[in-house]
Amino acid sequence: EPEVTQTPSHQVTQMGQEVILRCVPISNHLYFYWYRQILGQKVEFLVSFYNNEISEKSEIFDDQFSVERPDGSNFTLKIRSTKLEDSAMYFCASFRGHPNTEAFFGQGTRLTVV
Amino acid sequence: KQEVTQIPAALSVPEGENLVLNCSFTDSAIYNLQWFRQDPGKGLTSLLLIQSSQREQTSGRLNASLDKSSGRSTLYIAASQPGDSATYLCAVLRESQAGTALIFGKGTTLSVSS
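Residues numbered from 1 in each chain as written. Chains lettered and ligands numbered in written order. Predicted model: local features only at pLDDT ≥ 70, side-chain atom pairs only at ≥ 80, totals over all residues. Heavy atoms only, no water.

Colleague: Lay out the interface of chain A and chain B with the relevant residues and their values.
Modeller: Between chain A and chain B, the contact holds 25 residues from the first and 27 residues from the second. Between chain A and chain B, a total of about 1,900 Å² is buried, with carbon and sulfur atoms accounting for 50% of that surface. Inspection of the region where chain A meets chain B yields one salt bridge. Seen at the junction of chain A and chain B, the total is seven residue pairs in polar contact (both at pLDDT 80 or more). (Contact = heavy atoms within 4.5 Å. Buried area = accessible area lost by both parts, 1.4 Å probe. Salt bridge = Lys/Arg side-chain N within 4 Å of Asp/Glu carboxyl O. Polar contact = N/O pair within 3.5 Å; in protein donor to acceptor, adjacent residues only side chain to side chain.)

Colleague: Now, about the sheet that holds strand β8 (residues 72-77) of chain B: what can you tell me, with residues and values included?
Modeller: Residue and element names in this part refer to chain B. Spatially, five strands are ordered β1-β3-β8-β7-β6 in an open sheet, and the strand pairing comes out antiparallel. Strands at the two margins of the open sheet, each flanked by one partner only, are β1 (4-7) and β6 (56-59). With strand direction ignored, the average angle separating the axes of adjacent strands in the sheet is 15°. Of the pairings in the sheet, the one linking strand β3 (residues 19-25) to β8 comprises six bridges and is antiparallel in character. Looking at the pairing, Asn22 lines up with Thr74 of β8. (Pairing = 2+ DSSP bridges. Helix = DSSP H or I, 4+ residues; strand = E, 2+ residues; numbered from the N terminus. Axes fitted to C-alpha atoms, helices over the stretch in contact; angles between N-to-C directions.)

Colleague: How would you sum up the sheet that holds strand β7 (residues 65-68) of chain A? Please name residues and give values.
Modeller: Residues and elements named next belong to chain A. Pairing is antiparallel in the open sheet, where four strands are placed in the order β1-β3-β8-β7. Each edge of the sheet is formed by a strand with only one pairing partner; in this case those strands are β1 (5-7) and β7. Adjacent strand axes in the sheet meet at a mean angle of 15° when their direction is disregarded. Across five bridges, strand β3 (residues 19-24) lies against strand β8 (residues 75-79) in antiparallel orientation. Within β8, the position partnered with Leu21 by the bridge is Leu77.

What follows is the structure, encoded as structure tokens:
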């Protein structure tokens, strides 16, 4: 069964460093999302991406964050200067169509900022 | 602003019991509602997707209902097993002019003892 793949599974970084989280969505999917889950908290929407541009972003997704799909398969989330409060599980999700289709989530990247 | 609430936050039952997890949402302008399972430290696995025009969906021992007008959904698990132990998340796909995003509840953590 096709799946969404995220790498790395766990990343530890120093505060102030840049990190790039990578996702390979399911190949025929069109809509891509990033979510995060701080330990013990809700899964929160960060950004949605369609047709090579951001279609929506939350108030969490400030200037420190960016997304891109550099080569038609990978979908990346970059955090330019990490803060302690960026420590969380980051999930990538994709939808085949939109809006009434099932969401497929990756296994997540656990980001720890020290 | 769409808010999703799940009750109870935690539930412990002996194996074999039938149980009901509750989800409520504040804005009925949704495309669909999805139930997910999350194992500790893992990603999200979609269990059931109910379109806004539907009343229920079934998959094996799981049955989910949706009452869109009252902003409620229930997930019924029949004959619970220890392998059902996990956190169950409810999420609504909201309608929005700017785009759409899944809005999650905080989840119900289920523990089934043998």
